[in-house]
Structure formats: structure tokens, C-alpha cells
Amino acid sequence: MAFMEKPPAGKVLLDDTVPLTAQIEASQSLHSHTEYIIRVQRGVSAENSWQIVRRYSDFDLLNNSLQISTLSLPLPPKKLIGNMEREFIAERQKGLQAYLDVITTHHILSNCELVKKFLDPNSYSVNYTEIALQHVSMFFRSEPKWEVVEPLKDIGWRIRKKYFLMKIKNQPKERLMLSWADPGPDKYLSDKDLQYAVKLLSSCSHPYIYKITFATANESSALVIRPFSEKGTLKDLIYKAKPKDPFLKKYCNPKKIQGLELQQIKTYGRQILEVLKFLHEKGFPYGHLHSANVMLDGDTCKLLDLENSLLGLPSFYRSYFSQFRKINTLEGVDVHCFGHLLYEMTYGRPPDTIPVDSFPPAPSVFVVSVLESILTCEAMKNGMPTVSRLLQMPLFSDVLLTNSEKPQFKIPTKLKEALKTSKECIEKRLTEEQKLIHQHRRLRRAQSHHGSEEEKKKRKILARKKSKRSAYESGEEHSAKYSNSNNSEGEVGCHPCSGTTLKENRIWMLKSNSLSNRKEVFPIEEYC
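Residues numbered from 1 in each chain as written. Predicted model: local features only at pLDDT ≥ 70, side-chain atom pairs only at ≥ 80, totals over all residues. Heavy atoms only, no water.

As recorded in an unreviewed UniProt entry, the protein goes by PX domain-containing protein kinase-like protein and comes from Aquila chrysaetos chrysaetos. Of the protein, the UniProt comment under Function (unreviewed entry) reads exactly: "Binds to and modulates brain Na,K-ATPase subunits ATP1B1 and ATP1B3 and may thereby participate in the regulation of electrical excitability and synaptic transmission. May not display kinase activity." What the UniProt record of the protein gives under Sequence similarities (unreviewed entry) is the line "Belongs to the protein kinase superfamily." (UniProt positions renumbered as here; feature names shortened; annotations may be inferred.)

Next comes the structure, spelled out in C-alpha cells:
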């Protein structure tokens, strides 16, 4: 097969979900414009940072590209006259810093290709759509029954995963969706096991897993074909979005924020938990649950993108759960992601912050009870419920499932062992990342405490006390030294103070200065 003849390219070691931060360090004025020197850092390590130089026109170009999100972003306005004045440049720099802060902390914007290329051009210089087309073209050479209808540009959030609308030549009305992706940083399966596991996906049959028509993989990428749903995903339903629209347009700034009905929340939640339980029991790692990975088929939710974990792609919510050391298994990751999904179904939008301090009114107290068990600070610290425990909670326990399809997913023993090893490696990388983040957070807290005004005052007081103590101890030491000297010399009558009472007298000694022939007077301290 021609698709398999591509030379291996290896997995992508860069984790695209690791947050980038950007700080404007300085500005420099040239003849006709001003350049801003920006320090960009990936993750918590200051060693993993670099400098970029950007003009205001570069910011303006990025902002124009991000207008598809319909977000109101705080880019400082243009100024044609007086834009080289020092005060104006300083003020504009503050505004540009505020703009960078917004786009690097917004969950969807910070992960989009436009922002990544702006901040890290060296890592994102490749045209991924072109690479995907090359792979898909090679695939069609050996599989002539398929035909591309159109590229589905930017419908997903992943930079390195591309989608195409397809059809079968002898069934022109039926539409399918092809996805292409290369292996990510958590790809630990051998090439042979990866190819076998991806092909096995098309044999999986479950009422709450979206059917795969065809799947194949090689050392450098995987290609999966599924039926295309005009209704779209669960996220499309929540946001009232059109499935073919770009991800930024669909989900960044919904026109109407409205959650689902209580019965929908209960039914969809129960269906999703059932399929997660099934995958956990099969020893199949998932870790990629979010509302855009749940397809709607009538009133039934069906899970998408099982291939993601095989390819080692990072999770949509990784930047959230990597902050909490208790979420250190893929089962725990699935539960945490389910909390995000349940919040979105309930309120029609994602939570503002994680952990969540308080919850708005919900259609049922049972909904809030489940959310509190997953998304609160207490849950993050003390542990979240398992999927089995969630199924027993009142919100889901009384839901009747009418689908009678018998689940089937036979995984050979040897592949199960390989999946288990891969899962352990994925969890180990997550644990190591969480440890680094935890250490960095402790260091920042210590530095912040050390630099506080109250702490500075305390240090000044302690320094004064220490200085006084040192002076006192130094005096005591000199006293003891001279006292010992006086006692020893007094016995032979050599000390000038012999026969006098030191406590009653202050003796002055004359010392000749050989360089100046001056007579300097030095006091001998009084001893008790």
C-alpha cells in the first residue's frame, strides 16, 4: 500500500498543550517604526525560553486573523501621528502586554495555530495541511474508491490533525470524514503495535462509540475515516454551531449561552460514563473526553477519537489537570474531563477557572453535587470519584438505557500488555510534569513571600537585632581577651596597668606612628 511506503518521521516530541507565556522586555525605536523585544517561555522552566521581535503591525495582523473568534480583544488602537514619542511607546507597550496576557491565557486562543506561530515561529513553520494532503493523496492512489469532496479547514483545535470531507465514488450522496494526524509526545507503542491497534478500531462495536469505517497507520501518521454527521457534536448542540465552521468561530464567543435540559444532561452523562467504564475495563486508555469529541446520533452520544491515545496526542484539558498532582492516572483524567463536560452541558459554557469555588443555580441539586465532587479545590486535593461511583450517584443511577446493542471489542493479550505499558508511560510523563509545576509554584510562593513589604520589615528588624548582638558579642570577646592578658602580665609586673583597678580607671596608651611620628591616643576599654 502506497500510504505505508512513506519513510518514518518519528513522533512529535513537542507538546502543543504546554502553555506559552510572553513578556515584553524592551522596545527599540528605528527610523520609521518601533520594535518590541518579547521573551517567550514554554511551561515553567526559564531555560525553555527565547526572544522574538515584533512590530505593532505584526500584532495588528494577528488580531485581524483572530477576528474570526468574534472576541473583543484589547489591542491598542493605531496612531499615525506622534507614534514615535517616548511616552506613547511606553503606553502602547503596556497595552500590547495586556493583549499578550489575554491571548496566552484564553484556553482556545492559546492553543490555536495563529497564536503559536506568532510566539514560536521556529516550532510551527510547517504547513500541516499540505503535509496531510500529501499523505491523503498517497492513500487514494491505492484506494481509488474514495474521493475528497473538500478540506474541512480548522474545524478542530489540534494544529497537527487535519480533516477532509469525503465520499465513496459509487455512493456519491453519502458523506464521510477523514482525519489525519501524526504521533504525539505520548506515543509509546511500537510501530508494529500502533499499526495493529489502529486497524483494530474499525472492529470495535459499542452503542456509545462512533463507528469507524476505515483506519490505518504507519510510523509517521494515522488516517481514520468515519461517517460525517450533519448534526455535529455535543459541543455544536450546546453552542448552536455549524459543524463545518472553524473551531475559533464556533466556540470562542457563543451568541447565546444556554445549558441543556435536565433530562438531556442525565441521559448524555449516563451514556458517556457507560462507555468510559467499558474502555477502562478493557484496559484501553482514553484521556481525550470533551464535548467536541462526543458525536450526536439522534438522542445518543457516541465517543470519538479513540485513536488519539494510541497516537500519544495530548489532551484538550491537559493544561488544567497537569496542575493537580492527585489527577495522575488516565482514569482520573477521564473523570476530571467529565466534570468539564458536565459543567458545559449544565451552563452552556466552560468554567471560568479551575478549580471552581462556587456554582451558579443548576436544574437540579444532584448536578451541583456531581460537579462539586470533581471540580472543587477539595476534590482536587482529596481525590475524585471513580466512573463506577459516578454511575451510582442520584443524577445518573435512575436513567434507563434503551439501547440493546451488545458491546464488542476484542483486544489480544499481547496488545493489552503493550497498551498497559503505554498507559504507564503516559502517566509517568504526566506525573513528572506535575512535579515540576508543583516545585515551580512553591518557589514562586516563596519568592513572593520573601519580596512582600511585611517580610522586608521583618528582615530589617532581624538585621538590626543581629547587628546589635554581634557588637555585644564582639565586646565580650575583647573583654575576655584583655582580662586574660592583664591577669597573666600582672603576675610579673610588666603590664602598664599593674596594681590599678580596671573598673575604676580608664587608661590611655601612647602609640608611636613610625610613618608620621604622630602620637595617637587609643582608649583601653573598661572591663567589669
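1. Re the overall build of the protein
Within the protein, the regular secondary structure consists of 18 helices and 12 strands. In the protein, which comprises 528 residues, the proportion classed as buried is 46%. Restricting to contacts in the protein with at least 6 residues of sequence separation, those with at least 24 account for 64%. Summed over its atoms, the accessible surface of the protein is roughly 28,300 Å², and 51% of this surface lies on carbon and sulfur atoms. (Helix = DSSP H or I, 4+ residues; strand = E, 2+ residues; numbered from the N terminus. Buried < 20%, exposed > 50% of the residue type's maximum accessible area, 1.4 Å probe, protein only. Contact = heavy atoms within 4.5 Å. Areas by Shrake-Rupley, 256 points an atom, 1.4 Å probe, with all protein chains shown as cover.)

2. Some words on helix α1 (residues 56-65)
Residues of α1 that are buried include every one of Y56, F59, D60, L62 and N63, and no others. Mapping the buried residues of α1 onto a view down its axis gives an arc of 165 degrees, with all of them on the same face. Tucked into the core, α1 has its buried residues touching β2 (34-42), β3 (49-55), α2 (86-105) and α4 (113-119). (Arc of directions from axis to C-beta.)

3. What to know about unusual backbone geometry
In the segment running from I354 into P355, the intervening peptide bond is cis, with an omega of 5 degrees. Relative to the assigned elements, P355 resides in the loop between α12 (330-347) and α13 (365-375). The phi angle at T70 is positive, at roughly 60 degrees, despite the residue not being glycine. Here T70 lies in the loop between α1 and α2. One non-glycine residue, D154, lies in the positive phi region at around 60 degrees.

4. Examining empty space enclosed by the protein
Evaluation of the coordinates by the stated rule reveals 5 cavities of 30 Å³ or more. Taken as a whole, the largest cavity encloses approximately 350 Å³ of empty space. Taken together, 25 residues form the lining of the largest cavity, with I155, Y163, T233, A292 and L304 sitting closest to its centre. Counting residues per element, the ones that place at least two in the lining of the largest cavity are β5 (161-168) and α8 (247-251). Counting residues per element, the lining of the largest cavity draws most heavily on α8, at 3 residues. Residues that form the lining of the largest cavity fall into these classes: 11 nonpolar, 8 polar and 6 charged. (1 Å grid on protein atoms, 1.4 Å probe; cavity = no way out; pocket = protein on both sides within 12 Å on 5 of 7 lines; lining within 4 Å. Points joined across faces, edges and corners; volume = space filled by probe spheres on them. Nonpolar A, V, L, I, M, F, W, Y, C, P; charged D, E, K, R; others polar.)

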